[in-house]
Amino acid sequence: MPSSSPSLDTERERLGLHADCASCFGLCCVALAFTRSADFPIDKDAGEPCRNLRPDHRCGVHPELRERGFVGCTVYDCFGAGQKISQVTFAGQDWREHPEVRSSMFALLPVLRHVHELLWYLTEAVALTVGQDGDSSPDPALTADLRAALARVERLSLGTPQDLLAQDLDTLRGGVNPLLLRASERARARSPHQPRGRRADHRGADLVGKRLARADLRGASLRGALLVGADLHGADLRGADLVGADLRGADLRGADLTDTLFLTQAQVDAARGDTTTRLPDGLEHPGHWTAAAADAAPARGPRSPRPRGDHPRRAARPPR
C-alpha cells in the first residue's frame with residue numbers, strides 16, 4: 001500500500017495540492033487567528049497581518065519560527081489552497097493593492113483548505129483501490145465512485161468565491177467520508193501487515209498523553225483520534241489509518257509508520273521522532289527530530305495541553 005507513487009504524485013501536482021508560498025499572498029499569515037499558547041507566543045486576530053509578515057508576503061523569521069515559539073506555523077499546511085486563492089480564484093489580485101477583496105479572500109482560505117484536504121485524501125484513496133499496475137481495480141465500483149467524487153470536489157475548488165463560501169462543509173465531508181472509509185477498510189484488509197484477530201478501533205478516541213509505547217497498532221483505525229503528547233515510542237503502526245489524527249507532541253521515536261494510510265507531512269512535523277522512526281514513502285523526517293538511538297528511553301516530560309479550538313490546524317475538524 002504505497003502512500004506515494006508516480007501516478008499519485010502526478011495527480012496531486014496537477015491539482016496543485018502542494019503549498020507554494022512563493023505564489024501566495026501570505027494568506028495564512030493574515031487570515032487565520034491564533035492565541036498565545038504553546039503553539040504561538042502572541043495573540044493575533046483573524047484578518048490581522050502577523051507581525052513577522054514582510055511587504056513581499058514572505059515571513060521575516062521563517063528559519064527561526066520554531067525557536068521563536070511559532071510552532072503552529074511550522075505544522076500548518078494549506079494543501080495548496082493559498083496559491084489557488086491568490087492566483088486562480090482572485091486572478092492575482094493582491095489584497096494589499098485591492099482592499100475590496102480582503103474579506104472574501106481571507107474568509108475563503110479555511111474553506112478552500114478543507115476542500116483541498118479532501119482532494120488530498122481522495123487522490124490517495126483512488127491510489128489505494130487500483131491494482132499495482134495502476135489500471136485494474138479489485139473493486140471497480142469503489143474506484144469509480146472515488147473518481148467521481150474527486151471530479152466533483154475538483155470542480156468545486158475552481159468555483160467562485162460565492163459558491164465556495166456558500167458550501168456546507170459538513171455536507172461535503174459527509175458525502176466523501178464513507179468512500180474514504182471503504183477505501184481504508186479494503187486497503188487494511190489486504191495489507192501484508194494485517195494482524196491476527198480484530199484490528200484495534202480508536203476512531204475519534206481521546207488518547208491525549210496515553211502510554212502506547214511498543215503497542216501493536218497494525219491496521220488500527222485512529223481516524224480523528226487525539227494523540228496529543230501520546231507515548232508511541234517503538235509502536236507498530238504499519239497499515240494504520242491516521243486520517244485527521246492529532247499527533248502534536250506525540251512521541252514517535254522508533255515507531256514504524258510504514259504504509260500508514262492518509263498520513264500527511266503536517267502530522268509528522270507536529271510529532272516528535274528520531275532517525276529510527278520509519279515513515280511511508282513520500283514523507284520526510286522533520287529537521288527538528290533527534291538522532292537518538294532506537295532503544296533510548298522515551299522522555300517523560302509533562303503532558304502536552306489539550307488542543308485548543310483556535311489553533312489553525314484545529315479550526316475545523318478534518319474528516320474522520
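In this report, the structure presented in the accompanying data block is examined. Here the residue index of a chain counts from 1 through its sequence in written order. It should be noted that, the model being predicted, local features are given only for residues of pLDDT at least 70 and side-chain atom pairs only at 80 or more, the latter also being counted only at that level, while totals for whole chains, interfaces and linings use all residues. For side-chain calculations, the full set of non-hydrogen atoms in the structure is used, while hydrogens and water are omitted.

What follows deals with the pattern of salt bridges. A side-chain nitrogen of Lys or Arg and a carboxyl oxygen of Asp or Glu constitute a salt bridge if their distance falls within 4 Å. This structure, assessed with the given rule, holds 18 salt bridges. Two residues, Arg218 and Asp236, come together in a salt bridge whose shortest N-O distance is 4.0 Å. Within this pair, whereas Arg218 is found in the loop between α8 (169-189) and α9 (265-270), its partner Asp236 is found in the loop between α8 and α9, the two being separated by 18 residues in sequence. Classification of Arg218 by relative accessible area gives partly exposed; the value is 22%. Only protein chains enter the area calculation, which uses a 1.4 Å probe; residues under 20% of their type maximum are buried, those over 50% are exposed, and those in between are partly exposed. On the basis of relative accessible area, Asp236 is assigned to the buried category, the value being 17%. Sharing partners across several salt bridges, the network here consists of Asp216, Arg218, Asp236, Arg238, Asp256 and Arg278. A run of H or I in DSSP becomes a helix once it reaches four residues, and a run of E becomes a strand once it reaches two; helices and strands are each numbered from the N terminus.

Glancing now at helix α1 (residues 6-15). Of the positions making up α1, those classed as buried are Leu8, Arg12 and Leu15. Down the axis of α1, the sector holding all buried residues measures 65°, keeping them to one side. In this structure, α1 carries Pro6, Ser7, Thr10 and Glu13 as exposed residues pointing more than 90 degrees from its buried face. Residues count as neighbours in contact if any of their non-hydrogen atoms are within 4.5 Å of one another. Contact partners of the buried residues in α1: α4 (81-89), α5 (102-129) and α6 (140-157). Positioned one or two residues after α1, Gly16 has a phi angle of 70°, which is positive. Relevant arc is that of directions from the helix axis to the C-beta atoms, nothing else.

Now for the packing of α5 against α6. Packing of α5 against α6 leaves a shortest axis separation of 9 Å and a crossing angle of 155°. The angle between α5 and α6 places the two elements in the roughly antiparallel class. The two elements α5 and α6 meet at a crossing, and its hand is left-handed. Across the interface between the two elements, Leu112, Val115, His116, Leu118, Leu119, Leu122, Thr123, Ala125, Val126 and Thr129 of α5 pack against Leu142, Thr143, Leu146, Arg147, Ala149, Leu150, Val153, Glu154, Leu156 and Ser157 of α6. The class makeup of the residues in the contact of α5 with α6 is 13 nonpolar, five polar and two charged. Helix axes are fitted to C-alpha atoms over the stretch in contact, other axes to C-alpha atoms as well, and angles between N-to-C directions run from 0 to 180 degrees. In these notes the angle categories are as follows: under 35 degrees is roughly parallel, over 145 is roughly antiparallel, 65 to 115 is roughly perpendicular, and the rest is oblique. Crossing handedness is defined as follows: a turn of the near helix away from the far one that is anticlockwise and smaller than a right angle gives a left-handed crossing, while the clockwise case is right-handed. In the scheme used here, Gly and all other residues not listed as nonpolar or charged are polar, with Ala, Val, Leu, Ile, Met, Phe, Trp, Tyr, Cys and Pro taken as nonpolar and Asp, Glu, Lys and Arg as charged.

Turning our attention to the environment of Gly82. Here Gly82 is to be found in helix α4. Put simply, Gly82 and Pro110 are 28 residues apart on the chain and 9.4 Å apart in space, counted from C-alpha to C-alpha. Ignoring anything within four residues of it in the chain, the contact list for Gly82 reads Cys24, Leu27 and Leu109.

What follows covers the packing of aromatic side chains. Centres within 6.5 Å make a pair out of two Phe, Tyr or Trp rings, where for Trp the six-membered ring is used; the pair is then stacked when the planes are under 30 degrees apart, edge-to-face when over 60, and tilted otherwise. Applying the stated criterion across every chain yields a total of five aromatic pairs. Residues Phe34 and Phe40 carry aromatic rings whose centres are separated by 4.1 Å and whose planes lie at 5° to one another, so their mutual orientation is stacked. The class of Phe34 is buried, set by a relative accessible area of 6%. Here the aromatic rings of Trp95 and Phe106 are separated by 5.5 Å at their centres, their planes lie at 70°, and the arrangement is edge-to-face. With Trp95 in the loop between α4 and α5 and Phe106 in helix α5, this pair connects stretches of sequence that are 11 residues apart. One exposure class covers both Trp95 and Phe106, and it is buried.

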